[in-house]
Structure formats: C-alpha cells, structure tokens
Amino acid sequence: AVVSTQSGHYGRGNTKISLNSFALIPVCFLLVKRTLLLPMSTLPRRVTAQMPRVLRVALCVFVVLGRSETVSTSRVTADNDWTTLSLPAPTNHLKVGIISDIHMYDDADEQCSNLQGKYGNVQCDSTEPLVDLAVSSLYKTLATDSKETPAPFILYLGDSSWHFKRTDKPKDIQHIIDLNNKVFKKFTDNSNRTPVIATLGNNDFPLKNSLNVTDFYPYVSQMYRSLAEVPGVAEVAEDFEETFHYGGYFSVKVIPYSITVLSLNTLYFSDSVDDRGRVEYANSQLKWINRVLSELKEGEKAIFIGHHPPGVSLYYLYKKNGAIGQWYKNTMDRFTNIYKKHKEKIISGFYGHCHTDIFNVERDNMVAFTVPSVSPVYGGQPSFQIAYLSQPSVMTSGDLVDLVTYHTWLDYYTRSKKVPQFRVSSSWRNLLQIGDLTLESLSNITSKIIDSTTNFYIHVAMKNKMYQESFMPMLPPIIHYCFTSSISKNRFLDCLEDSNYDVKDFVLNSNRL
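Cut-offs used in this document
- Residues numbered from 1 in each chain as written.
- Predicted model: local features only at pLDDT ≥ 70, side-chain atom pairs only at ≥ 80, totals over all residues.
- Heavy atoms only, no water.
- Pairing = 2+ DSSP bridges.
- Helix = DSSP H or I, 4+ residues; strand = E, 2+ residues; numbered from the N terminus.
- Axes fitted to C-alpha atoms, helices over the stretch in contact; angles between N-to-C directions.
- Contact = heavy atoms within 4.5 Å.
- Buried < 20%, exposed > 50% of the residue type's maximum accessible area, 1.4 Å probe, protein only.
- Expected span 1.5 Å × (residues − 1).
- Arc of directions from axis to C-beta.
- Parallel < 35°, antiparallel > 145°, perpendicular 65-115°, else oblique.
- Left-handed = near helix turned anticlockwise from the far one by under 90°.
- Nonpolar A, V, L, I, M, F, W, Y, C, P; charged D, E, K, R; others polar.
- Core = buried A, V, L, I, M, F, W, Y, C linked by side-chain atoms within 4.5 Å.
- Salt bridge = Lys/Arg side-chain N within 4 Å of Asp/Glu carboxyl O.
- Disulfide = S-S within 2.5 Å.

Taking strand neighbours across the sheet as the criterion, the six strands line up as E6-E5-E4-E14-E15-E16 in an open arrangement whose pairing is mixed. Single-partner strands in this sheet number two, and they are strand E6 (196–198) and strand E16 (423–427). Between one strand axis and the next, the sheet turns through 25° on average, direction left out of account. Pairing between strand E4 (residues 94–99) and strand E14 (residues 383–389): five bridges, direction antiparallel. Bridging across to E14, Ile98 finds its partner in Gln385. Sheet strands touched by helix H6 (residues 173–190): E4, strand E5 (153–156) and E6. Its angle to E5, the strand with the most contacts, is close to 165°.

Rendered as structure tokens:
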C-alpha cells in the first residue's frame, strides 16, 4: 500500500511512474548505503547489510518499478493536484495556512558549512531565498479566485532563528527583534490583509530554552500584535498586553468566523525548560486557557497553537527506546482536563518544534497535530500545510476537514539548479480515508495503524526524519499505534502493556530518562 497522495504523475504514454514510486528512491539510496531496510521488507537488517551491492540495487529498482501504476491522465499541475487524491478536495471551505520552524540564517558566519546553492540543501537551516519562496508559495496556495471561498488566515508556530550553536556569542534582545521583524515582514510583504497569528519558539529567545529574560516580552509584543491584527478581520484580546507582557501568550479572534486562536507559550510547559518560576507561569497560563474557553459564546470555537507539542517525544522513542513526555506531567494532566472539559468548542491544536508530520489523539480527550518545518536541517524536506475548516460562517465555525502538506524535494532542485516547487505531498483525510479530522473520527481510525501494510505506516516511515538521522528506525506498528493514540506517557505505556507488548526494557529505559 503506497501513500496515494503524492502529487503528479510523470512519464510518456499511459504507463507512468508516480511520485509514489519516486518517494522510495531515497529509501533505496540508503539501502544501497547499508543504512536502512526497505519499509515493507521483512528481511532482517543484517541480511540486507550482507547483500552484494548489485543485488541491493536490483532490489531497489524492482520495488520502485513495482510501485508504478498505469494512468490515463496527463501531467498533473499544481492547480489540480487534488485529481490524484481518492477523496474529493474540500470546496468552499475556509483555508488556514500553517507554517513552522523557519530557522532562517541571518549571519553569514553561522551558516551551514556544507550549504549549497541559493536555496540551500537538506541538513542545513533555511537560506533567505528559501524562506521567501516558502512564504510566497503559502500565500499563492491560499489564494482563491472564488468570491464564495472565505478569506484565509495563517498560523505561524515559531522558531524564526537558525539553530544557533555558539555559546560565546549569545543573541541579544535587539538581535531577536531584528531577525523576527525580517521574517515577519516576509508575511506582510505578501499581504497586509491576511492575519498571521504567531507563537514563540525556543529559538526565538535570546538564550535558547531559557525564560530568564524579564524584559523580553514587552520588547517584542508589538511585533506579534501587528502581525495578527487586521481591522475588521482579526483583533487581539483586550488583555493582550497583560498576558503577553507577563508570559508571552495571547488570544486573537478571527471575526468573520467566530474563531478564537489561543497562542500558547509552551516553553513553560516543556520538559526541556527547568527555569525557576516555570510552574507559577505555567499555572497562570492554564487558568487563562480555561477562562478564555469558558467565555466563548455559543457557536464560537477555538484553535490552539504552540511550539512544543504535547505527547510522548518521538526523539526518545526512536533514539533511546524509551518514553518521555514533552510536557511536564502535572501540566499535561491539567491541560488535558481543560481540553476534555471544553472539547466541543475546540477545533484542534497545531504545534511545531519536532520538524515532522504526525498527530496524537486520545479517545474522548484531545487531538494534537505536529506540523513539518520549513527548515530542512534535520533531514526533512521544506514544508507547509493547509488546513480546511468546514462551512464557516458569521454565526459558527466548522470542524477540521483536512490537513494537507505541501513540500519540495530540495536536494533535487539544488542539484539541478532549478527553482524549487512546493507541491501536494499528503492529505491526512485521504491517507486515513475518513470524512474529517475531528476528535471522534481520529479516535475511531487509530486502530488501523496497527496494520503495517496501511498507508499510514508507510507515511510514518517515509516522512518522519528526525534529529540528524537519515531516516527513523522501523519500529513495530504497535509502537506507532500507541504513540498516535496516546498523549500522556502513562497512557502510552498502558497501551503497550494492554497490547501484550513486552514493555519491560521500554519501561526501564523510560524511568531512566
């Protein structure tokens, strides 16, 4: 079963190799390099590692050509990518642009040592031309010629700055202001009538992962307010200065659709931050979340955005064979209770930081989507997403119908010296073959993930490239099922145990983390 949402078909005549097949080429390359099993291979790693190279190459060719399919359509363009999907595209729905982890270089001395070409390459952070291209492509994708289609808005999930590694030259407040202004201006240069609601990332602070900057929030508050506020379209809450100056969080009401976006400062929730006073700020923010949701009127709904996602850390799952929550347990528990209490009012939550494309859902509790990055520094391809909300109106906002990823194969374009093109990569709605992405629908579909032959498992294998490793290891499907169907660490471990998975070593490793 091949992920059927790759955009476009290439070739001559009626028999064409789809981009579904091309997507396996990098996997084959890694197999030839003896670093990866093919996703559907049942051969142990040691067997493939001992194969003669010519046999491994032949196996790759067989798999790619075996994924070929016969089609009668001509080459698909960016304007009709949806013709390759088995479910019809949502029509006359509100489109919401989502973009995260831009990580743009602004210092030549700090750029990647093997940076290649104008638009850069995988394993490096984003060059400015790549950021320009990604942002402009996002706006073009959101654009519509139909007066019946609602005007869009954009969610930016933080981390404008490149991965700064020098400890002898920390970024000062003015550096952060200048860099964020530079990135934010790329949004407003494309349209000053499209609200862009942003959240703070861990690399948006002068000291990464540190909250010990008491004067920082007032310095940058006007930037975030100006980006989000569009008269008659979006307005920040009356308590903006109070909440942002205190803790870097705020809410924005998108007026035409009665949607309130809560921009969370997840550094106070994150396990990677242990500053003194964190608990006090986290508790204040949780009380604020509950109050904002409680004050929503009938028909109004909310969207959460934040940088650090809730749930179990992918990094520790794949690299340490153990589980650790990305948020502190007490914070996670309280947030989950608030979400469950108000779940009928919540459309969804969108988060960045992990540079990957995945979701977590706990039945009857909550759902969280982790969004891929623009920066290709950890091996992923530059990406952004479009969320479709159903039938929004002045009176009520709709549910989340689909979340579509657009990405570009940067290495290919860099080698061929062509301008990269962002095209449809995948659609969660199509991938899971469900009508929408509501909490109920996603809760009902997660059991299918256990089947290792489903599109979902190949999607996980192909797309979740983490933390400077070429591809993530191929863990048992039950691990992916429990990860996707759990938010808390305890729920994840209980899921494994309920599935008769041997969790002894896993639990031991988890307790050590």
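With that settled, consider the environment of Pro376. Along the polypeptide, Pro376 turns up in the loop between strand E13 (366–370) and E14. Given a relative accessible area of 1%, Pro376 falls into the buried group. For the pair Pro376 and Ile102, spaced 274 residues apart in sequence, the C-alpha separation works out to 9.1 Å. Each residue touching Pro376, except ones within four places of it in the same chain, is listed here: Asn121, Val122, Gln123, Cys124, Asp125, Ser126, Leu130, Pro382 and Leu410.

Helix length check: helix H11 (residues 329–341), at 13 residues, gives a terminal C-alpha distance of 18 Å against a target of 18 Å (1.5 Å per residue), a fit within 8%. Within the span of H11, buried status applies to Thr331, Met332, Phe335, Thr336, Ile338 and Tyr339. When H11 is viewed along its axis, its buried side chains cluster within an angular range of 165° and face the same direction. Across from the buried face of H11, at angles greater than 90 degrees, the exposed residues are Asn330, Asn337 and Lys341.

Turning our attention to the packing of helix H16 (residues 477–484) against helix H17 (residues 489–498). Running from N to C, H16 and H17 point in directions that differ by 140°, and their axes come no closer than 9 Å. Viewed along their axes, H16 and H17 adopt a mutual orientation that is oblique. Relative to H17, the crossing made by H16 is right-handed. Counted together, Ile478, Ile479, Tyr481, Cys482 and Phe483 of H16 and Phe492, Cys495 and Leu496 of H17 form the full contact between these two elements. When the residues that make up the contact of H16 with H17 are grouped by side-chain class, the tally is eight nonpolar, no polar and no charged.

Now for the nonpolar core. Phe153, Leu155, Phe187, Ile289, Phe335 and Phe350 are the most contacted members of the largest nonpolar core, which has 109 residues in total. Take this core: its biggest share by element is eight residues, from helix H5 (residues 128–142). Other than its neighbours up to four places away in sequence, Ile289 contacts Leu262, Leu264, Phe269, Phe304, Phe335 and Ile338. Core analysis: the second largest hydrophobic core is formed by 14 residues, Val312, Leu317, Phe483 and Phe492 among them.

Let us look at the pattern of salt bridges. Where charged atoms from two side chains of opposite charge approach closely, those side chains can pair. A complete count under the given rule lists eleven salt bridges for this structure. Note that Arg225 and Glu229 form a salt bridge whose closest N and O atoms lie 3.3 Å from each other. Given a relative accessible area of 22%, Arg225 falls into the partly exposed group.

This paragraph deals with the state of the cysteines. Tallying each qualifying case throughout the model produces two disulfides. The residue that forms a disulfide with Cys112 is Cys124, at a sulfur-sulfur distance of 2.1 Å. What sets the handedness of the Cys112 and Cys124 disulfide is the S-S torsion sign, and at about -55° it is left-handed. Residue Cys112 is located in the loop between E4 and H5, and its partner Cys124 is located in the loop between E4 and H5; the two are separated by twelve residues in the primary sequence. Judged by relative accessible area, which is 17%, Cys112 ranks as buried. Looking at the chain, its bonded cysteines, counted consecutively from the start of the sequence, adopt the pairing 1-2, 3-4.

We now examine helix H8 (residues 240–247). Among the residues of H8, Phe240, Thr243, Phe244 and Gly247 are the ones counted as buried. Looking straight down H8, one finds its buried side chains confined to an arc of 105°; they lie on one side. Where the residues of H8 are buried, they touch helix H7 (216–228), strand E7 (234–236), strand E8 (250–254) and helix H9 (278–294). Once H8 ends, the next one or two residues include Gly248, with phi positive near 75°.

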